[in-house]
Structures are given as structure tokens and as C-alpha cells.
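Below are the chains, spelled out letter by letter.
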Amino acid sequence: MKTYEVPLVPGPVSVPVKFREAYMTDFGSSDLEKDFYELLKENQRLLREILKTTNSVTIQSGEAMLVLWGALKSTVCPKDKVLALSNGLFGHGLGEMAEAVGAEVRYLEAEDGRFIEKNILQRELDSFRPDVVTAVHCETPSGLLNPIGDAAPMIKESEALFCVDFVASAGGSDVRVDEWGIDLGLLGSQKCLSLLPDLSVLTVSERAWRAAERVDYAGYDAVLPWRDAEEKMEMPCTHNWHANAAMNLSLKSLLEEGLENSFRRHNETAVYCRSRIASMGLELYAREEELASPTVTAVRIPSGWTWPRLDASLREHGMAVGGSYGQLAGKVFRIGHMGSQADIGLVRKGMDILEEVLNK
Ligand SMILES: *Cc1c(COP(=O)(O)O)cnc(C)c1O
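Cut-off values and rules
- Residues numbered from 1 in each chain as written.
- Predicted model: local features only at pLDDT ≥ 70, side-chain atom pairs only at ≥ 80, totals over all residues.
- Heavy atoms only, no water.
- Pairing = 2+ DSSP bridges.
- Helix = DSSP H or I, 4+ residues; strand = E, 2+ residues; numbered from the N terminus.
- Axes fitted to C-alpha atoms, helices over the stretch in contact; angles between N-to-C directions.
- Near = heavy atom within 4 Å.
- Polar contact = N/O pair within 3.5 Å; in protein donor to acceptor, adjacent residues only side chain to side chain.
- Areas by Shrake-Rupley, 256 points an atom, 1.4 Å probe, with all protein chains shown as cover.
- Nonpolar A, V, L, I, M, F, W, Y, C, P; charged D, E, K, R; others polar.
- Phe/Tyr/Trp six-rings, centres within 6.5 Å; stacked < 30°, edge-to-face > 60°.
- Buried < 20%, exposed > 50% of the residue type's maximum accessible area, 1.4 Å probe, protein only.
- Lys NZ or Arg CZ within 6 Å of the ring centre and 35° of its normal.
- Core = buried A, V, L, I, M, F, W, Y, C linked by side-chain atoms within 4.5 Å.
- Domains from an automatic or database assignment.
- Contact = heavy atoms within 4.5 Å.
- Lys, Arg positive; Asp, Glu negative; His and termini not counted.
- Salt bridge = Lys/Arg side-chain N within 4 Å of Asp/Glu carboxyl O.
- Disulfide = S-S within 2.5 Å.
- Right-handed = clockwise from strand over helix to strand, strands pointing away.

Asker: Tell me about the sheet that holds strand β2 (residues 56-61), residues and numbers included.
Answerer: Backbone-to-backbone hydrogen bonds pair the strands of a sheet. The strands run either parallel or antiparallel. In spatial order, the strands read β2-β10-β9-β8-β5-β3-β4; together these seven strands make up an open sheet with mixed pairing. Each edge of the sheet is formed by a strand with only one pairing partner; in this case those strands are β2 and β4 (104-109). Sheet twist, expressed as the mean angle between neighbouring strand axes with direction ignored, is 20°. Direction of pairing for strand β8 (residues 161-165) relative to strand β9 (residues 184-188): parallel, over a ladder of three bridges. Pairing of Cys-163 across the sheet is with Leu-184, part of β9.

Now the structure itself:
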């Protein structure tokens, strides 16, 4: 199997050895051991601190898509009205998932490389009167960090349930679940937390629990069985002790570094990356500098290149980046500088390789 000296894929990111080592311990059965529940509760407490919330935090075994599906299936009834804010694949995808649940979905798409304008959002909230609004904080396939905090007061006033995917921002950029009135907050382990893609996190407000009671969805991804699971020491299924032990290390190391310091590290790495991109005469996908994510940089494929040829050339030089999907497939490539990859030295190596490849 080929490995790359300069891993800059926007998730799953490279997992530091100290986190991987947590998988070497032989734990007992997670269903029975008190120690496991203590670990789980500590992770929930650390996540509350990182996500700035007093809401419930569930940690489920499974990749992040688990909580995207689980949150929607657990709180959306057929015929509910869902407003899906979108400027990329995940924003649109949340709407499609709500449609699959039977909801009446209205897509509010932003212009290329931008976020939805406030007056347009307000008009849609007033005319459509959604039960649920879905949004994405860091829209990874577009490299955009959406101003969720600016939109939050309008959504709060509309009284719609607010579901936000912060899978690729939390830990690397400020996420304020309580201040922004996020009822359902979605997170995965493989982005800024630099873990394997094996755990997903969901923050659940009281309002969201009430919605889940009303819907009463049953299934492997259902949220309701996790409500008091730790208190009762009853898991809906066998949990992943190893992954929780690794998550514990990751969350503690993030808080030891300090949230503000982590945000600064991500921001400085992103600013450096963008300055190199600009000096090569390449074009960012983001139309406004404030929208460029501190965790991932999306760049338009330079003229004269195709994505497969650029990808192959970079890989020959030991560097792996991401392509994009959906409408941006073949048009944009992405440099992932989140979590362990938010490292100026690493990005410098990557940008040197990119420059060399483009100048050949
Ligand atoms: C990575 C990611 C997810 C999880 O999706 P996968 O493609 O399965 O990794 C969900 N939402 C966002 C915004 C992400 O970046």
C-alpha cells in the first residue's frame, strides 16, 4: 500500500501515533465495566466544554454520517417543512436526507463561493415557515466556513429546530452551540480531532429531545435510546472502548493546547496556505476571504490541468490532496489543514511540491 509523505487530504486526516496507541490496550467489555462509563462521561464533559454547550452530548460508534442520518430520522416527521441552507455537497445532502424521511424540503442555495444573504434567509423563513433549518458550518467540499453565528438569531426567532453539521470545523474553529441556539449539532472523529473515522457526536437540546419523543423513530441510528444510556449504564449496542480512549486523549490534548491556540494554529496555517496559492496565481473557490475555511482550502483547478493529472503528479511527488464532489468535481481541489495537519511546516512542504509540479 502506498503512503504519502505529505498527507493533506481534508479528512480522514492522519492520526498521531499517541492516539493510535490507545487501540493497543485490551479493555474489558464496554457493556459491563464501570470504568468505561466513567470514560464516556468524561468525553461528554470535555465535548461540552469544546462545543460550548450544556446540552446533552451523545457519542455513538460509527462514522459521522451516522449522526447526520440519525439526527434527521429522529426529529423530522413526514410532511415537516425543512429549509436546507446550502453552498455545497453536505448542505444540499442534508436536504436530500430530509426528503428521504418524507419531509417537504426547500433548498436555499447560495451563489458560487458565497453564503446565503441575510435578507434572502429572512424572506424564506417568513414565507416557508420551516419546522427545521439545516446548515453546515464548514462546507468541506467547497472549503467554506459559513457564518452560522450571524444567521443564528434569525433562525432562533423563527423557532425552527436548528440542525448544524460542524463535522469539519469543531476543534479548529469556534463553535458555540448554546449561543447559536443549535438544537442538533453534528460531529465526527476523523477531522479536527485527528482520530480514526469510528465515532460520531451529537449535541441534543431539550427541544430536540421533545421532537425525538414525538417522532419516536427506532433504528440503529436512532438518538432516543442514547438519552440516558450512561446514567442507566445501558447501551443500545456494544460501544467502542478503544475509540473512546483515543478520543479522550484527543480532547484532552486539544484543551491542553487551548481552544484559542488551536483556532489560531488553524487560522495561521490557512492564511499561509492561501498566501502561497495567491503567489502561484491560483484562484480560491471562496469569493470572500472571510468565508475561506481555516480547516480546508478549496482551489480552482488551474487552466491547462485536469484533476486526474494534477492528482497523479502531486502523488508522484509524495503529496495527497482531495478532489471535490458533485458540482465541483473536476473543478476544485482541496488542501486539508485540519487537526494534525494544521501545521505550517507540513503545508509549506505541500505548497513547495505544488509549485514545483505546476512549473514543470
Ligand atoms: C467529513 C464530513 C462529513 C462526514 O462525511 P464523510 O464523507 O463520510 O467523511 C460530514 N459533514 C461534513 C461537513 C464533513 O466534512
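Let's pick the thread back up.
Asker: How would you summarise the site of the ligand if you had to cite specific residues and measurements?
Answerer: By nearness alone, every residue bordering the ligand is listed as Glu-63, Ala-64, Met-65, Phe-90, Val-136, Cys-138, Thr-140, Asp-165, Val-167, Ala-168, Gln-190 and Lys-191. Contacts to the ligand include Asp-165, whose side-chain N or O atom sits 2.6 Å from a nitrogen atom. At a separation of 3.1 Å, an oxygen atom of the ligand approaches a polar side-chain atom of Gln-190. Isolated, the ligand exposes 370 Å² of accessible area, and the fraction of that covered by the protein chains is 82%. For the shell around the ligand, the per-class residue count stands at seven nonpolar, two polar and three charged.

Asker: Before we move on, can you summarise the packing of aromatic side chains with the specific residues and values?
Answerer: For the structure on display, the rule yields three aromatic pairs. Taking the centre distance of 4.8 Å and the plane angle of 5° together, the rings of Phe-27 and Trp-241 count as stacked. Highlighted residues: Phe-27 in the loop between α1 (17-20) and α2 (34-51) and Trp-241 in helix α9 (residues 241-257), separated in sequence by 214 residues. Since its relative accessible area comes to 10%, Trp-241 is described here as buried. Geometrically, the ring pair formed by Phe-36 and Trp-241 is tilted, given 5.4 Å between the ring centres and 55° between the ring planes. Of this pair, Phe-36 sits in helix α2 while Trp-241 sits in helix α9; the two residues are 205 residues apart in sequence, bridging distant segments of the chain. The residues Phe-36 and Trp-241 share a single accessibility class, namely buried. Taken together, the ring pairs connect Phe-27, Phe-36, Tyr-37 and Trp-241 into an aromatic cluster. If you follow Arg-309 out to its NZ or CZ, it ends over the ring of Trp-305, 4.1 Å from the centre.

Asker: Tell me about the nonpolar core, residues and numbers included.
Answerer: Ranked by internal contacts, the top residues of the largest apolar core, which has 63 residues, are Leu-85, Leu-121, Phe-162, Phe-166 and Met-247. Broken down by element, the residue count for this core peaks at eight residues, all from α2. A domain-level breakdown of this core finds at least three residues from each of domain 1 (6-14 + 258-358) and domain 2 (17-256). Not counting chain neighbours up to four residues away, the residues in contact with Phe-162 comprise Val-133, Ala-135, Ile-148, Ala-152, Ile-155, Trp-180, Gly-181, Ile-182, Asp-183, Leu-184 and Arg-207. By size, the runner-up hydrophobic cluster in this structure holds 27 residues, among which are Val-82, Ala-103, Val-136 and Ala-208.

Asker: Please provide a residue-by-residue account of the side chain of Lys-191, values included.
Answerer: By secondary structure assignment, the location of Lys-191 is in the loop between β9 and β10 (199-204). It is Glu-63 that comes nearest to the buried, bridge-free Lys-191 among opposite-charge side chains, at 6.0 Å. Contact partners of Lys-191, with chain neighbours within four places excluded, come to Pro-10, Gly-11, Val-13, Val-167, Ala-168, Met-338 and Gly-339.

Asker: Could you give me a rundown of the pattern of salt bridges, with the residues and numbers involved?
Answerer: Tallied over the entire structure, the rule returns 20 salt bridges. Arg-106 is the partner of Glu-124 in a salt bridge, and the nearest nitrogen-oxygen pair spans 2.8 Å. Taken as a pair, Glu-124 in helix α5 (residues 118-128) and Arg-106 in strand β4 lie far apart in primary sequence, 18 residues in all. Exposure remark for Arg-106: the relative accessible area of 33% places this residue in the partly exposed category. With a shortest N-O distance of 3.7 Å, Arg-300 and Glu-283 are connected by a salt bridge.

Asker: Which residues make up the state of the cysteines, and what values go with them?
Answerer: Summed over all chains, the structure comprises zero disulfides. You can see Cys-138 has no disulfide; the closest cysteine sulfur is in Cys-192, sitting 7.6 Å from it. Look at Cys-138 and you get buried, because its relative accessible area is 1%. Sulfur of Cys-273: no disulfide; nearest cysteine sulfur belongs to Cys-138 and is 13 Å away. The exposure class of Cys-273 is buried, given its relative accessible area of 0%.

Asker: Account for unusual backbone geometry, with residues named and values stated.
Answerer: With an omega dihedral of -5°, the bond running from Gly-11 to Pro-12 counts as a cis peptide bond. By the secondary structure assignment, Pro-12 is in the loop between β1 (6-7) and α1. Phi at Lys-79 is positive, roughly 80°, even though this residue is not glycine. Its location among the elements puts Lys-79 in the loop between α3 (65-75) and β3 (81-86).

Asker: Describe the pairing of β4, naming the residues involved and giving the relevant values.
Answerer: Of the strand pairs in this sheet, β3 and β4 are connected by six bridges, and their pairing is parallel. Each bridged residue has a counterpart across the sheet, and for Leu-83 the counterpart in β4 is Arg-106. Following the backbone out of β3, through helix α4 (residues 89-100) and into the adjacent parallel β4, one traces a crossover that is right-handed.

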